[in-house]
Amino acid sequence: MTMDVTIYHNPECGTSRNTLDLIRHAGIEPQVIEYLKTPPTREQLSKMISDAGLTVREAIREKGTPYAELGLNNADLTDEQLLDAMLEHPILINRPFVITPMGTRLSRPSEIVLDILPEDSFNGPFVKEDGEAVLDDKGKKRIV
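Right, let's walk through the structure included here. Residue numbers here run from 1 along each chain, matching the order of that chain's written sequence. Local features are withheld for residues below a pLDDT of 70 in this predicted model, meaning they are given only at 70 or higher, and side-chain atom pairs are given and counted only at 80 or more; totals for whole chains, interfaces and linings count all residues. In computing side-chain values, all of the structure's heavy atoms are included and hydrogens and water are not.

Digging into unusual backbone geometry
Part 1: Each neighbour pair has its own omega, and for arginine 95 with proline 96 the value is -5°, a cis peptide bond.
Part 2: Helix and strand assignments follow DSSP, with helices taken as H or I runs no shorter than four residues and strands as E runs no shorter than two, numbered in order from the N terminus. Structurally, proline 96 is set in the loop between α3 (79-88) and β3 (97-100).

And the structure:
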């Protein structure tokens, strides 16, 4: 399938790996940007956050980051100050962000990416690294 897809990926993150695998399961080879090595620009990050329908604060990762040490839980901080911190410390950018012609999503959990991939692109089951089934034998979303 030909579709322009970009994933801001961290190969150390299971959710990010599962999301990348789901995209590839759809027959799409995305542009993979390891954002810890190649962070987005301020404009790119702001647009991703906005296009995903998130606030800047919702796009910050707290776990395993310098979030607390930097005092980012201070409610008085502006979006610009939070973006500054995210750009200075890319580990603060929650992941994975995925951009397709169908939209932009922060794919947490990984199956959120299904909302922005063509439904008919999956031909079989998909199981996440932890064993959770996401797609059934017909490539349809499993309803739990």
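Topic: helix α2 (residues 42-51)
Part 1: Exposure categories follow from relative accessible area, calculated using a 1.4 Å probe and restricted to protein chains: below 20% of the type maximum is buried, above 50% is exposed, and the middle band is partly exposed. Those residues of α2 lying buried are Leu45, Met48 and Ile49. For α2, the arc enclosing every buried residue in end-on projection is 95°, short of the 170-degree limit, so these residues lie on one face. Exposed residues on α2 whose side chains face more than 90 degrees from its buried face are Glu43, Lys47 and Ser50.
Part 2: Backbone geometry just downstream of α2 places glycine 53 in the positive-phi region, at approximately 75°. Picture the helix axis, draw a direction to every C-beta atom, and the arc is the one those directions span.

A short note on the sheet that holds strand β1 (residues 6-9)
Part 1: Spatial ordering of the open sheet is given by β2-β1-β3-β4, a layout of four strands whose pairing is mixed. Lying at the two open borders of the sheet, with one neighbouring strand each, are β2 (31-34) and β4 (103-106). When the angles between neighbouring strand axes are averaged without regard to direction, this sheet yields 15°.
Part 2: Any two strands with at least two DSSP-identified bridges between them are counted as paired. Alignment of β3 against β4, held across four bridges, turns out to be antiparallel. Orientation is described by axes fitted as lines to C-alpha atoms, over the contacting stretch for helices, and by angles from 0 to 180 degrees between their N-to-C directions.

Focus: the environment of serine 107
Part 1: On the secondary structure map, serine 107 appears in the loop between β4 and β5 (126-127).
Part 2: Note: C-alpha distance between serine 107 and aspartate 120 (13 residues apart in sequence) is 19 Å.
Part 3: Here, residues are in contact when the closest pair of their heavy atoms is within 4.5 Å. Not counting residues within four places of it along the chain, the set of residues in contact with serine 107 comprises Thr15, Thr19, Pro96, Val98, Ile112 and Val113.

Thoughts on the packing of α2 against α3
Part 1: For the pair α2 and α3, interaxial distance at closest approach is 11 Å and the crossing angle is 115°. In the packing of α2 onto α3, the handedness of the crossing is right-handed. Where α2 abuts α3, its residues Arg42, Leu45, Ser46 and Ile49 lie against Glu80, Leu83, Asp84, Met86 and Leu87. A crossing counts as left-handed when the near helix is turned anticlockwise from the far one by less than a right angle, and as right-handed when that turn is clockwise.

Side note on the pairing of β1
Part 1: With burial as the criterion, each face of β1 is covered, one bearing Thr6 and Tyr8 and the other bearing Ile7 and His9.
Part 2: Bridge count between β1 and β2: four bridges; the pairing is parallel. If you follow isoleucine 7 over to β2, its bridge partner there is valine 32.
Part 3: Of the pairings in the sheet, the one linking β1 to β3 comprises three bridges and is antiparallel in character. Within β3, the position partnered with tyrosine 8 by the bridge is phenylalanine 97.

Regarding the environment of threonine 41
Part 1: If you trace the backbone, threonine 41 turns up in the loop between β2 and α2.
Part 2: With a relative accessible area of 37%, threonine 41 lands in the partly exposed category.
Part 3: Taking the C-alpha atoms as reference points, threonine 41 and leucine 87, 46 residues apart in sequence, are found 7.7 Å from one another.

Details of the pattern of salt bridges
Part 1: Throughout this description, the term salt bridge denotes a Lys or Arg side-chain nitrogen within 4 Å of a carboxyl oxygen of Asp or Glu. The full count for this structure, using the stated rule, is nine salt bridges.
Part 2: Across the pair aspartate 51 and lysine 47 runs a salt bridge whose closest N-O atoms are separated by 2.8 Å. Taken together, the residues aspartate 51 and lysine 47, both in helix α2 and four residues apart, mark about one turn of the helix.
Part 3: Note that lysine 128 and glutamate 132 form a salt bridge whose closest N and O atoms lie 3.2 Å from each other.
Part 4: Under the relative-accessibility criterion, lysine 128 is labelled buried at 11%.
Part 5: The class of glutamate 132 is partly exposed, set by a relative accessible area of 35%.
Part 6: Among the charged side chains, a network of salt bridges with common partners joins Arg42, Glu80 and Asp84.

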